Amino acid sequence: MSEVSNDSVQVIDEAKEFQRDSVKAYLSKVSPNDMGLDYHVISVFGSQSTGKSTLLNALFHTKFDVMNEAQRQQTTKGIWLGFSPKVESHSTSLGKEHVFVMDVEGSDGRERGEDQDFERKAALFALATSEVLIVNIWEHQVGLYQGANMGLLKTVFEVNLSLFGDKDHKMLLLFVIRDHVGSTPLENLSNTLTQDLHKMWNDIAKPSTVASDTPLSKYFDLEFVGLSHKVLQEHQFHEDVRSLGDRFTPGDENYLFKKDYHQAFPIDGWSVYAENCWNQIQSNKDLDLPTQQILVARFRCDEIIKETLELFDSEFEHTFGGVKLDGLKGASLADEFKKLLQLSLSTYDLQAGHYNKEVYTSKRDALTKSINSKLLTLFKEFIKELSKSAFSEFTQSLNDKSTKATFLERSTDAKTIALTSFSQELEPVNELDPETFTYQNELEEFSSKLQEQIQRSREQEINTLTSRIAKKLVPSLKNETVDSFAAPDIEMWDRVLDSFRELLKLSLSKYQTSDSTYDFKLGCSPEENDRIVQKIGKESWLSFDNFIHDYLRPDNVVNILKRQFDEVFTYDNTGIPRVWKNETEISSAYREASQHALKSLPLLSIAKLSNDSEIIPDYDIYDDEDEEDVHPHRFSHILSAPEQLRVKKDFLKQAEVSYRDASRSIISNISK
Ligand code: GDP
Ligand code: MG
């Protein structure tokens, strides 16, 4: 890397190499950050030692090397670039331009015959990269083809056309006539030069891409300025320089920097462009300028995107690193997303906004996409966390039985609230970019998860309701049936069955609607409500069955029989306890009483209606037990034959005890 000073930088060195690093370093050092497109590039062209550098330094306050009179020392060959700290002018109030000035140092090729190549390339380079080319000539050379460098200019124009002919913007050729004495008016000199230029332009071989009648004015504007002799009229020279400087000052009526001269790159893009131009000149590759501009734009926009993404990553980490997503509100997540996106895009825009519009726009889209995809990953995690917390809130209010609300009301409200707040949390982020930050699938998933939970809870509610109704049935049933069981008769089971059915109907009547269907306020369909009716019926029958089989278990039946026996044996038909007179009386009463009691045994052993049919449950209440055990008469068959025998035996045993007690009471009466 060649040396970088604040004064100037070597753009092309003696070895004809473009000094990328030095140029980059120099530009970032001297150019203001906010410069954007607000800068100009001026170059100079002309023979050796015609005071070019002297002029540039006087006009732009640059510090290019000037031939030292005393030593006549050759300065370092190459192309130099300097940033003008100030343009010399009369003005103190007008604006100020950012001007980059390029100076060419070289041997005089035509005299030495050795380096026409460099001279031509340098001129071509100046032509391709500048807005204004100062053509520096002595007054006395005007009209002399060789002396005014017209030959070189012709070559340069030709190559320029073939290399950059598609260029659709102009530049200014500013002829500065040195040592202008004033005897020949400037107008005459400029007419001569204009004629020469047009003649030269017509002679130029145009490439096929350029129409042969294309006028010079398509590519170049022409301006002419005369400068006094620097040594002989030093004061006037500086006065002329100031007048020229006025024309580089914004607001001047003869302002020279026209807008369409600009290459339309920010300065860092200009350096990439300049390097490409140099490479193209060096290798003489036939590339057109629009392609160049696009290549440069792509290259720089990619670089800027890389930097922007690095910035984004670190800001992203700064904002979300270690942040718990479940404590975050959707609106603040959206705010942070928006900030990050805006920061990134404005960073990109600031630097890339001046490049080729199409490239800038499409790269901006790509940048937005890759930022959005990173944000999207976080958004999806956020949705997951939100689903979890919203679901547990939902479950809580679903199970909250502190209010009077029915299950249907509770579940409907809880679901509506959960879905609304779920969407509300996500909507602000979605609004940032509705196509990217979607949550429709997650919302549907969440909704069906809620629905499943409602379904599970509803099943529980149904089970609770069913077993509550079935269990409540037994005490009432017991109240209404124990009297019948105490004194069995042929219509006993009709009454028991009627009672049961009445009680069941009564429990269900609470849920009956006006059109005599059922609604249990659980948010069920008519079919589901029917299913619940069936379930309650079945469950109730099971309770009924349990009650019957529990109440009429063998030992209890023995007790019932014994009580029936006692009623006849212990009391006479007026209800007064008997006093036994003799053994015959006892045995006759015993016979009567035991026959009376044993008549009840078949009535209590099998649940048969007065029409002689066994009671068969309305539902298949045993279906969940082992196949082999299933027996349609299980309900009605209360005591089996062996059980009945056993009951009979136990009963008789107890009856005999009463009999013997009665016998003993006679003996004791007699013995008294
Ligand atoms: P360049 O590098 O070829 O552009 O020329 P320099 O700026 O290095 O100057 C070359 C010589 O010309 C120096 O000795 C200057 O003093 C001298 N010089 C500079 N300006 C003028 C001028 O306006 N008129 C004349 N006659 N000589 C000048
Ligand atoms: Mg010089």
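Criteria and cut-off values
Residues numbered from 1 in each chain as written. Chains lettered and ligands numbered in written order. Predicted model: local features only at pLDDT ≥ 70, side-chain atom pairs only at ≥ 80, totals over all residues. Heavy atoms only, no water. Helix = DSSP H or I, 4+ residues; strand = E, 2+ residues; numbered from the N terminus. Rg over C-alpha atoms; globule rule 2.2 N^0.38 Å. Buried < 20%, exposed > 50% of the residue type's maximum accessible area, 1.4 Å probe, protein only. Contact = heavy atoms within 4.5 Å. Lys, Arg positive; Asp, Glu negative; His and termini not counted. Charge placed at Lys NZ, Arg CZ, Asp CG, Glu CD. Axes fitted to C-alpha atoms, helices over the stretch in contact; angles between N-to-C directions. Parallel < 35°, antiparallel > 145°, perpendicular 65-115°, else oblique. Left-handed = near helix turned anticlockwise from the far one by under 90°. Nonpolar A, V, L, I, M, F, W, Y, C, P; charged D, E, K, R; others polar. Pairing = 2+ DSSP bridges. Domains from an automatic or database assignment. Buried area = accessible area lost by both parts, 1.4 Å probe. Salt bridge = Lys/Arg side-chain N within 4 Å of Asp/Glu carboxyl O. Polar contact = N/O pair within 3.5 Å; in protein donor to acceptor, adjacent residues only side chain to side chain. Arc of directions from axis to C-beta. Core = buried A, V, L, I, M, F, W, Y, C linked by side-chain atoms within 4.5 Å.

Hey, could you go over the overall build of the chain for me, with residue numbers and the actual values?
When you go through the chain residue by residue, the secondary structure sums to 18 helices and 7 strands. Computed over C-alpha atoms, the radius of gyration of the chain comes to 57 Å, more than 25% over the 26 Å expected from 2.2 N^0.38 for 672 residues, which places it beyond the range of a compact globule. Structurally, the chain occupies a C-alpha span of about 185 × 50 × 45 Å along its principal axes. Every one of the 672 residues in the chain was classed for burial, and the buried ones make up 45%. In the chain, once contacts between residues fewer than 6 apart in sequence are set aside, the share between residues at least 24 apart is 76%. Distance between charge centres in the chain, computed from 77 positive and 110 negative side chains, equals 6 Å.

Run through the packing of helix 5 (residues 150–164) against helix 6 (residues 186–203), naming residues and quoting values.
The packing of two helices is summarised by the inter-axis angle and the distance between the axes. Direction vectors running N to C along helix 5 and helix 6 enclose 45 degrees, while the axes themselves pass 10 Å from each other. As summarised for this structure, helix 5 and helix 6 are arranged oblique, according to the angle between their axes. Between helix 5 and helix 6 lies a crossing whose hand is right-handed. Of helix 6, the residues touching helix 5 (which contributes Met150, Leu153, Lys154, Phe157, Glu158 and Leu161) are Leu193, Asp196, Leu197, Met200, Trp201 and Asp203. Among the residues forming the contact of helix 5 with helix 6, the class breakdown is 8 nonpolar, no polar and 4 charged.

Residues and numbers for the sheet that holds strand 2 (residues 40–46), please.
Ordered in space as 1-3-4-2-5-6-7, the 7 strands form an open sheet in which the pairing is mixed. Of all the strands in the sheet, just strand 1 (9–12) and strand 7 (220–226) have a single pairing partner and so form its edges. On average, each strand axis in the sheet is tilted by 25 degrees relative to the strand beside it, whichever way the strands run. The pairing of strand 1 with strand 3 (residues 78–83) spans 3 bridges and is antiparallel.

Can you lay out the domain arrangement of the chain for me, pointing to particular residues and giving the numbers?
Put simply, an interface is often sized by how much accessible area is lost when its parts join up. The assigned domain composition of the chain is domain 1 (9–285), domain 2 (295–438), domain 3 (439–551) and domain 4 (552–672). Computed over C-alpha atoms only, the centres of domain 1 and domain 2 are separated by 53 Å. A combined buried area of about 710 Å² lies between domain 1 and domain 2, and 65% of that area is made up of carbon and sulfur atoms. Considering only the side of domain 1, the residues that lose the most area to domain 2 are Pro266, Asp268 and Val272, jointly responsible for 45% of the buried surface there. Across the contact surface, domain 1 and domain 2 share 1 salt bridge. The interface formed by domain 1 and domain 2 includes 3 residue pairs in polar contact (both at pLDDT 80 or more). Among the elements that take part in the side of domain 1 that touches domain 2, helix 8 (residues 267–283) stands out by supplying 5 residues, more than any other. Tallied by class, the residues present in the side of domain 1 that touches domain 2 amount to 6 nonpolar, 3 polar and 2 charged.

If you had to explain helix 1 (residues 20–30) to someone new, which residues and values would you point to?
An α-helical turn contains 3.6 residues, so a residue and the one three or four places further along point in the same direction. Within helix 1, the full set of buried residues consists of Ser22, Val23, Tyr26, Leu27 and Val30. The buried residues of helix 1 occupy one face: seen down the axis, they fall within an arc of 125 degrees. On the buried face of helix 1, the contacting elements are strand 1, strand 3, strand 4 (99–105) and helix 8.

Break down the packing of helix 13 (residues 440–486) against helix 14 (residues 492–509) for me, citing the residues and quoting the values.
For the pair helix 13 and helix 14, the least separation of the axes is 10 Å and the interaxial angle reads 155 degrees. Judged by the inter-axis angle, helix 13 sits roughly antiparallel to helix 14. As for the relative orientation of helix 13 and helix 14, their crossing is right-handed in sense. Together, Ile469, Leu473, Ser476, Leu477, Glu480, Thr481, Ser484 and Phe485 of helix 13 and Met492, Trp493, Arg495, Val496, Ser499, Phe500, Leu503, Leu504 and Ser507 of helix 14 make up the contact between the two elements.

Give me the nonpolar core: which residues, what numbers.
Ranked by size, the top nonpolar core spans 163 residues in total, and within it Phe157 and Trp493 carry the most contacts. No other element matches helix 11 (residues 357–399), which puts 14 residues into this core. The next biggest cluster of nonpolar side chains, apart from the first, holds 25 residues, and it includes Leu56, Val99, Leu174 and Val176.

Let's hear about unusual backbone geometry: which residues, and what values?
The backbone of Ala264 sits at a positive phi, close to 65 degrees, despite the residue not being glycine. Here Ala264 is to be found in the loop between helix 7 (234–246) and helix 8. A residue is classified by how much of its surface remains accessible, and Ala264, at 35% relative accessible area, is partly exposed.

How would you summarise the environment of Gly78 if you had to cite specific residues and measurements?
Within the secondary structure layout, Gly78 lies in strand 3. Considered as a pair, Gly78 and Asp13 are 65 residues apart in the sequence and their alpha carbons are 4.8 Å apart. Not counting chain neighbours up to four residues away, the residues in contact with Gly78 comprise Gln10, Ile12, Asp103, Val104, Glu105 and Phe118.

Outline the pattern of salt bridges, listing residues and values.
One pass over the structure, following the stated rule, counts 30 salt bridges. A salt bridge links Lys339 to Glu336; its shortest N-O distance comes to 3.7 Å. With Lys339 and Glu336 both in helix 10 (residues 330–352) and 3 residues apart, the pair spans about one turn of that helix. Overall, the relative accessible area of 52% leaves Lys339 in the exposed class. Glu336 sits in the partly exposed class, given a relative accessible area of 24%. Among the salt bridges present, the one from Glu461 reaches Lys401, with a minimum N-O distance of 3.3 Å. In this pair, Glu461 sits in helix 13 while Lys401 sits in the loop between helix 11 and helix 12 (407–432), placing the two residues 60 residues apart along the sequence.

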